[in-house]
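Chain and residue survey
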Amino acid sequence: MKLFFGEINHGKAIINDEEQQHIVKVLRMKDGEEIHVTDGKGNLASGTLIIEGKKAGIEVAEIKTETPDFNPKLHIAIAPTKNIDRIEFFVEKAVEMGISEITILQTEKTERKNLNIDKLRKQAIAASKQSLRFHFPVINDLIKIQDFLKNIDSETTFVAHCNENLERIVLHKIPTLENYTFLIGPEGDFSDKEILFLAEKGIKAVSLGNQRLRTETAGVFVAAWNYNKMIK
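Because the structure is a prediction, the values reported are computed rather than measured.

Considerations on the UniProt feature "domain: Ribosomal RNA small subunit methyltransferase E PUA-like" (unreviewed entry) in the protein chain
The sites that carry the UniProt feature "domain: Ribosomal RNA small subunit methyltransferase E PUA-like" (unreviewed entry) are, in the present numbering, residues 15-56. Note that residues 15-56 is 24% helix and 40% strand, and that its end C-alpha atoms are spaced 7 Å apart.

This is the structure:
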């Protein structure tokens, strides 16, 4: 399946401008080829490609609405790594494994204060298309941990930290829920103050095993754990 991003409304599909350029200039697709377009909201248009000069369109043969999405839903709030390539790696792999939402978290030990969220969103779209996802994940802006915690449900929220002196649940013992939110700390972990604050909020701590994982590895690990639940 050749899947592209665009808008779908009233029985018509319009391919995104950047996608049109990619189709014409890079892929050099031909008029009449089979093509599929998704809006990332669960809608999928199928039809044939129409090439008109430097423009690419689709003659729609069928539109599927409300295609199934991944369950359970997973939201990971993760601190950005100093090396931005690592957080980009996390985004790509987590999206491929069906994550629903990603929030970039600013903590006391977060070294990187600025990052290109639009670039992460484009990477999420690319990974969604690559893995044939019709529901694109939400990529939220950088937010301070205190502000993030104002709108969470403590019953479905967990934090992965490395403090062995505090009680932590083993990941596979977490009950089956319809949605999960996980907080992943920065290089150097959450501060003791933040960990205690999370506990006061009723957020349960989890252990990801005996090894100390890098930030992006921990994020991918949780995404893979949730993906395993999806395919059972």
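Having put the structure on the table, let's press on.
A word on the sheet that holds strand β1 (residues 3-9)
Read across the open sheet, the five strands follow the order β2-β1-β3-β4-β5; overall the sheet is mixed. Lying at the two open borders of the sheet, with one neighbouring strand each, are β2 (12-15) and β5 (55-64). Taken pair by pair, the neighbouring strands of this sheet meet at an average axis angle of 50°, ignoring direction. For β1 and β2, the ladder comprises four bridges, and the chain directions are antiparallel. Pairing of E7 across the sheet is with I14, part of β2. Strands in contact with helix α1 (residues 17-26) are β1, β2, β3 (34-38), β4 (44-52) and β5; relative to β5, the strand with the most contacts, it is inclined by about 110°.

Remarks on the domain arrangement of the protein chain
Interfaces are often sized by the amount of accessible area the parts lose when they come together. Examined at the domain level, the protein chain breaks down into domain 1 (3-64) and domain 2 (73-231). Distance from the C-alpha centre of domain 1 to the C-alpha centre of domain 2: 33 Å. Of the residues lining the interface, 11 residues belong to domain 1; the matching set on domain 2 comes to eight residues. Taking both sides of the interface into account, the surface hidden between domain 1 and domain 2 amounts to around 760 Å²; carbon and sulfur atoms contribute 67%. Ranking the residues of domain 1 by area buried against domain 2 places L3, F5 and G40 at the top, with a combined share of 53%. The interface formed by domain 1 and domain 2 contains two salt bridges. Mapped onto the side of domain 1 that touches domain 2, the elements with two or more residues apiece are β1 and α1. Broken down by element, the residue count for the side of domain 1 that touches domain 2 peaks at three residues, all from β1. Here the residues of the side of domain 1 that touches domain 2 sort into four nonpolar, four polar and three charged.

Here we look at the packing of helix α2 (residues 84-96) against helix α3 (residues 117-130)
For the pair α2 and α3, interaxial distance at closest approach is 8 Å and the crossing angle is 35°. As for the relative orientation of α2 and α3, their crossing is right-handed in sense. Two secondary-structure elements touch here, α2 through I87, E88, V91, E92, V95 and E96 and α3 through K119, L120, Q123, A124, A127 and S128.

Describing the nonpolar core
In this structure, I76, F90 and F182 are the most contacted members of the largest nonpolar core, which totals 32 residues. Among the elements of the structure, β6 (73-78), α2, β7 (101-106), α3, β9 (157-160), β11 (179-184) and α6 (215-231) are those that each provide at least two residues to this core.

Observations regarding α2
The end-to-end C-alpha separation of α2 is 19 Å, in line with the 18 Å expected for 13 residues at 1.5 Å each. Packing partners of the buried residues in α2 comprise β6, β7, α3 and α6. Structurally, the start of α2 carries an N-cap: the backbone nitrogen of D85 is 3.0 Å from a side-chain oxygen of N83. Just downstream of α2, G98 is the residue with a positive phi angle, here 90°.

Concerning the environment of Q130
Positionally, Q130 belongs in helix α3. Spatially, the C-alpha atoms of Q130 and L142 are 26 Å apart, while their sequence positions differ by 12 residues.

Concerning the pattern of salt bridges
Applying the stated criterion across every chain, the model contains 12 salt bridges. A salt bridge links E33 to K2; the nearest nitrogen and oxygen atoms lie 2.7 Å apart. Here E33 is found in the loop between α1 and β3, whereas its partner K2 is found in the segment before β1, with 31 residues between them in sequence. In this structure, K129 engages E19 in a salt bridge whose closest nitrogen and oxygen atoms are separated by 2.7 Å. Of this pair, K129 sits in helix α3 while E19 sits in helix α1; the two residues are 110 residues apart in sequence, bridging distant segments of the chain. Overall, K129 belongs to the buried group, its relative accessible area being 17%.

Thresholds, definitions, all that
Residues numbered from 1 in each chain as written. Predicted model: local features only at pLDDT ≥ 70, side-chain atom pairs only at ≥ 80, totals over all residues. Heavy atoms only, no water. UniProt positions renumbered as here; feature names shortened; annotations may be inferred. Helix = DSSP H or I, 4+ residues; strand = E, 2+ residues; numbered from the N terminus. Pairing = 2+ DSSP bridges. Axes fitted to C-alpha atoms, helices over the stretch in contact; angles between N-to-C directions. Contact = heavy atoms within 4.5 Å. Domains from an automatic or database assignment. Buried area = accessible area lost by both parts, 1.4 Å probe. Salt bridge = Lys/Arg side-chain N within 4 Å of Asp/Glu carboxyl O. Nonpolar A, V, L, I, M, F, W, Y, C, P; charged D, E, K, R; others polar. Left-handed = near helix turned anticlockwise from the far one by under 90°. Core = buried A, V, L, I, M, F, W, Y, C linked by side-chain atoms within 4.5 Å. Buried < 20%, exposed > 50% of the residue type's maximum accessible area, 1.4 Å probe, protein only. Expected span 1.5 Å × (residues − 1). Polar contact = N/O pair within 3.5 Å; in protein donor to acceptor, adjacent residues only side chain to side chain.

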